[in-house]
Amino acid sequence: MNYRHAFHAGNHADVFKHVVLTRLIALMSRKEQPFAYLDTHAGIGLYDLKGDQANRTGEYLEGIARLWGQKDLPAVTADYMQVLHKMNPDGELRYYPGSPELARRLTRSQDRVLLNEKHPEDGVMLKDNMRGDRRVAVHLGEGWHVPRALLPVAEKRGLMLIDPPFEKLDEMKRCAESLKDAISRMRQSVVAIWYPIKDKRQLRRFYQDLAGSGAPKLLQVELFVHPLDTPNSLNGSGLAIANPPWGLEEELRELLPWLAKKLGQTQGGWQMEWLIAE
């Protein structure tokens, strides 16, 4: 329980994850029918990049700081950057939204936001940060229980983010199990799993587990900032997306080369493939 996302807020993995999340929300919002957003490991929702924890690592300097003030932003980043500019109206980059805040701001009045955080102190901060929005419910419990506890949702459409701290060796296996639980309880759910990439060889079993989840279709998207054989480094991150909305693949083919160029450190790159084809 030592993990605190504040140390890593706004880094390259956050930018990648959060831009894709905003596109998932936008594409699901094309239909008038409401949907529920579920976040299994929500964190505190809001981060101060000038605070002690973020400043101690400075990871945001190689992430969101590289995009801040840029003029050549692709259109698909508009929702993400609009939230950031509203949070930093004086033009100085200081406050950064976690996935709960992005979801709260970008979902519609007919949608619900269901957040879960296990860490007791972070859970209290999350509740405080989300107060005043009746569409938001905060649960304080084990994130791995969320698919069984909250699915299916009354809205008939759901978007779930699974983003654990990856402090334990079994967490990738548990991600795949949670995906299987979600699909078995609500087959049409859109489920996005974020995962770190350090040594890609270690991910082979994870890919196999994801492919055996029973999802109708599953898209794998990865962004790299270092060569994959760089030791002791977060070389990139990935998203495994079950039931991605129509149009997402095309958008990502535009976005990913740009992100790889902007966020690459020693060597940027990307890949996308279907682990489960429709």
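The protein chain appears in an unreviewed UniProt entry as Ribosomal RNA large subunit methyltransferase J from Pseudomonas taetrolens. The Catalytic activity (unreviewed entry) comment attached to the protein chain in UniProt states, word for word, "adenosine(2030) in 23S rRNA + S-adenosyl-L-methionine = N(6)-methyladenosine(2030) in 23S rRNA + S-adenosyl-L-homocysteine + H(+)".

(A) Spatial organisation of the pairing of strand β9 (residues 236-242). Among the 7 residues that make up β9, 7 are buried, leaving the element largely enclosed by the rest of the structure. Residues G236, G238, A240 and A242 of β9 are buried on one face, and the alternating residues S237, L239 and I241, pointing to the opposite face, are buried as well. Pairing of strand β7 (residues 190-197) with β9, which is carried by 7 bridges, proceeds in the antiparallel orientation. The residue of β9 that forms the bridge with I197 is G236. Bridge analysis of strand β8 (residues 218-224) against β9 gives 7 bridges, and the strand direction is antiparallel. Each residue of the ladder has a partner; that of Q220, found in β9, is A240.

(B) Inspection of the UniProt feature "active site" (unreviewed entry) in the protein chain at higher detail. Per the UniProt annotation, the sites labelled "active site" (unreviewed entry) are D163. What makes D163 buried here is its relative accessible area of 13%. Ignoring sequence-local partners within four residues, the contact set of D163 consists of K17, T40, H41 and W194. Within the structure, D163 has its side chain in polar contact with the side chain of K17 (distance 2.6 Å).

(C) Focus on the environment of E222. Relative to the helices and strands, E222 resides in strand β8. Expressed as a C-alpha distance, the spacing of E222 and P196, which sit 26 residues apart in the sequence, is 9.5 Å. If we ignore the near neighbours within four places in the chain, the residues touching E222 are F16, Y195, I197, K200, Y207, S237, G238, G269, W270 and Q271. Among the polar contacts made by the side chain of E222, one reaches the side chain of Y207 at a distance of 2.5 Å.

(D) Geometry of the pattern of salt bridges. All told, the structure shown has 20 salt bridges when counted by the stated rule. Measuring nitrogen to oxygen at the nearest pair gives 2.7 Å for the salt bridge that ties E251 to R23. Here R23 lies in helix α1 (residues 12-28) and E251 lies in helix α10 (residues 248-263), a separation of 228 residues in the sequence. Take E251: its relative accessible area is 13%, and that puts it in the buried class. Classification of R23 as buried rests on a relative accessible area of 11%. In this structure, the salt-bridge partner of R66 is E62, at a minimum N-O distance of 2.2 Å. Through salt bridges with shared partners, one network takes in E101, R104, R105, D133 and R135.

(E) Spatial organisation of the UniProt feature "binding site: S-adenosyl-L-methionine" (unreviewed entry) in the protein chain. The feature "binding site: S-adenosyl-L-methionine" (unreviewed entry), as annotated in UniProt, sits at H18, H41, S99, E117, E142, G143 and D163 in this numbering. In sequence the annotated residues extend across 146 residues, and in space they extend as well, their farthest C-alpha pair lying 22.6 Å apart. The topology assignment puts S99 in helix α5 (residues 99-106). For S99, a relative accessible area of 5% gives the class buried. Each residue touching S99, except ones within four places of it in the same chain, is listed here: H18, L21, Y37, D39 and L161. Polar side-chain contacts of S99 include one of 2.7 Å to the side chain of D39. Residue position: G143 is located in the loop between β5 (136-139) and α7 (146-150).

(F) Geometry of helix α6 (residues 120-130). Along α6, the positions that sit buried rather than exposed are D122, G123, L126 and M130. All buried residues of α6 fall inside an arc of 100 degrees around its axis, so they share one side. For α6, the exposed residues set more than 90 degrees away from the buried face come down to P120, E121 and V124. Along its buried surface, α6 packs onto α5, β4 (112-116) and β5. One or two positions beyond α6, positive phi appears at G132, with a value near 95 degrees.

Each value, and the rule that gives it
Residues numbered from 1 in each chain as written. Predicted model: local features only at pLDDT ≥ 70, side-chain atom pairs only at ≥ 80, totals over all residues. Heavy atoms only, no water. UniProt positions renumbered as here; feature names shortened; annotations may be inferred. Buried < 20%, exposed > 50% of the residue type's maximum accessible area, 1.4 Å probe, protein only. Helix = DSSP H or I, 4+ residues; strand = E, 2+ residues; numbered from the N terminus. Pairing = 2+ DSSP bridges. Contact = heavy atoms within 4.5 Å. Polar contact = N/O pair within 3.5 Å; in protein donor to acceptor, adjacent residues only side chain to side chain. Salt bridge = Lys/Arg side-chain N within 4 Å of Asp/Glu carboxyl O. Arc of directions from axis to C-beta.

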